[in-house]
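Listed here are the chains, written in short residue letters.
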Amino acid sequence: MRARRRDGMTVVELLVVIAIIAMLVALLLPAVQKVRETANKMLCASNLRQLGIAAHNFHNDYRRLPPGYLGPSPARFDDYPANLHEGQWIGHFPLLLPYLEQESLFKQIQVDFNPWTVTPLPWFWKPGPISHHENYTAGRTRLKIFRCPSAPNYEPQPSSDPFGGGTILGLHVFNTAARGPLTGGWRDDYVRSNAYRFLAPTNYMGVAGCGAGTHPLYSQFQGIYTNRSQHTLGQLTVLDGTSNTLLYGELAGTHWNSPPDTKDICWMAGGGLGTYLGLQRARTAPIITFSSWHAAGVQFCFADVSVRLVRFGNTAWDPVAPLTSDWHLLQQLAGYRDGQSADTSSLLE
């Protein structure tokens, strides 16, 4: 009798095939990840450009850029934390919604956006104060335009720590002669506001530079989007020039040690963020500084709507060490009226 023919593979052959496939995957995976990151970076740049175009369209309608954010009254800009008791504390991203195909969402928001009006209640409270359910509902709407695709979507969990996780509800960037640059604001926590958790975050903010204020150094680098600002593109062109001034930038968001301690800035607070802390990398970056999940730096939309990557360089601020040349170059880009003209190409991609 003839022997029966065997068409299967031996264990050794199977292991060889598996090893070859594993090697191919190991070789291809970095290339795939690189292609994916390149695509994410392009989409992130597109989001920033759309925000810049929306701001320009707002300017076409109102003859000025939107106010950076509606914080405390200008007379009490540095009276923190006492000035938490006045102002809407809302950013200008809601004002851009009609120019981002989100007009119906804009109409849900019940806030006085008049930059000359200073109300006694922030956007998230009603008289009492009680939580403003309508505004919270709008603020929980997740919008892709405010999210960098390279940033992970962590879902914060309830925490027993009242100072653990939370959403940044409003920010105020300023400087004083005595204290230098500061960032103050409101933070919601996930313990005392169970019905209103998980406000939709943003990975983009307007550029406030070192804020408005009275410090002899830092006040030179006031950005476009400060408290109740009302700048025109014509002013920016005459001063430092729109192609030399940062308008919007990205931040990594989700500063966390463990999931219950997750913190994000909600897009309703999307207004102005300081550059005085420098540019930093994701995970280790403070929540209140421009930062990125991209490898080389942080992407910014300039006031002329061009988008470029600004390298991390040596821009990080150390309060006990001398300020670096890279730090000064970053602030020169952030300030709209500093009048400085040093070559910034070493930071730009």
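Residues numbered from 1 in each chain as written. Predicted model: local features only at pLDDT ≥ 70, side-chain atom pairs only at ≥ 80, totals over all residues. Heavy atoms only, no water.

Of regular secondary structure, the chain possesses 6 helices and 15 strands. Long-range pairs, those at least 24 residues apart, make up 71% of the contacts in the chain between residues at least 6 apart in sequence. (Helix = DSSP H or I, 4+ residues; strand = E, 2+ residues; numbered from the N terminus. Contact = heavy atoms within 4.5 Å.)

What follows deals with the packing of aromatic side chains. Across all of its chains, the model carries 18 aromatic pairs by this definition. Between Trp123 and Tyr136, the ring centres sit 5.9 Å apart and the planes meet at 45°, which makes this aromatic pair tilted. Of this pair, Trp123 sits in the loop between helix H3 (103-108) and strand S3 (125-126) while Tyr136 sits in helix H4 (residues 133-139); the two residues are 13 residues apart in sequence, bridging distant segments of the chain. For the residue pair Trp123 and Tyr136, the accessibility class agrees, reading buried in each case. One aromatic cluster in this structure is built from Phe93, Phe146, Tyr225, Tyr248 and Trp267. (Phe/Tyr/Trp six-rings, centres within 6.5 Å; stacked < 30°, edge-to-face > 60°. Buried < 20%, exposed > 50% of the residue type's maximum accessible area, 1.4 Å probe, protein only.)

Next up on the list: the sheet that holds strand S14 (residues 297-302). The sheet built from 5 strands is open, its strands ordered S11-S7-S9-S14-S15 with mixed pairing. Among the strands making up the open sheet, the edge pair consists of strand S11 (272-274) and strand S15 (307-311). Across the sheet, the mean angle separating the axes of adjacent strands is 45° when strand polarity is ignored. Sheet topology places strand S9 (residues 246-250) next to S14; 3 bridges connect them, and they run antiparallel. Across the sheet, residue Gly249 finds its bridge partner in S14, namely Phe300. (Pairing = 2+ DSSP bridges. Axes fitted to C-alpha atoms, helices over the stretch in contact; angles between N-to-C directions.)

Omega for the bond connecting Tyr80 with Pro81 falls within 30 degrees of zero, at 10°, which places this linkage in the cis form. Take Pro81: it is sitting in the loop between strand S1 (69-70) and strand S2 (90-91). For Glu101, which is not glycine, the phi torsion reads 60° and is therefore positive. As for its position among the elements, Glu101 is in the loop between helix H2 (93-96) and H3. Using a relative accessible area of 77% as the deciding quantity, one classes Glu101 as exposed.

Moving on, we come to the pairing of strand S7 (residues 204-209). In terms of residue burial, S7 counts as a mostly covered element, since 6 of its 6 residues are buried. Bridging between S7 and S9 involves 3 bridges; their strand directions are antiparallel. In the sheet register, Met205 faces S9, and the bridge partner there is Gly249. For S7 and S11, the ladder comprises 3 bridges, and the chain directions are parallel. Note on S11: the bridge partner recorded for Gly206 is Gly272.

Before going further, it helps to spend a moment on the side chain of Gln222. Tracing the sequence through the fold places Gln222 in the loop between strand S8 (212-213) and helix H5 (233-238). For Gln222, a relative accessible area of 8% translates into the label buried.

Here we take up the confidence of the model for the chain. Atomic detail in the predicted coordinates should be set aside for any region of low pLDDT. In this model, the chain carries an average pLDDT of 87, and 86% of its residues clear a pLDDT of 70 or more. The least confident element of the chain, judged by mean pLDDT, is helix H1 (residues 11-62) at 82; the most confident is H2 at 98. (pLDDT = per-residue confidence, 0-100.)

For the rest of this paragraph, the subject is the nonpolar core. Counting 72 residues, the largest nonpolar core has Leu51, Ile109, Trp123, Phe146, Tyr248, Ile265 and Trp267 as the members making the most contacts within it. If you tally residues by element for this core, the top one is H1, at 7 residues. Counting residues in hydrophobic clusters, the runner-up holds 9 residues, among them Val173, Ala208, Tyr276 and Trp327. (Core = buried A, V, L, I, M, F, W, Y, C linked by side-chain atoms within 4.5 Å.)

On to the side chain of His92. Its location among the elements puts His92 in the loop between S2 and H2. For His92, the side chain forms a polar contact with the main-chain oxygen of Gly68, separated by 2.9 Å. When residues no more than four places from it in sequence are discounted, the contact partners of His92 are Pro66, Pro67, Gly68, Tyr225, Tyr248, Gly270 and Gly271. (Polar contact = N/O pair within 3.5 Å; in protein donor to acceptor, adjacent residues only side chain to side chain.)

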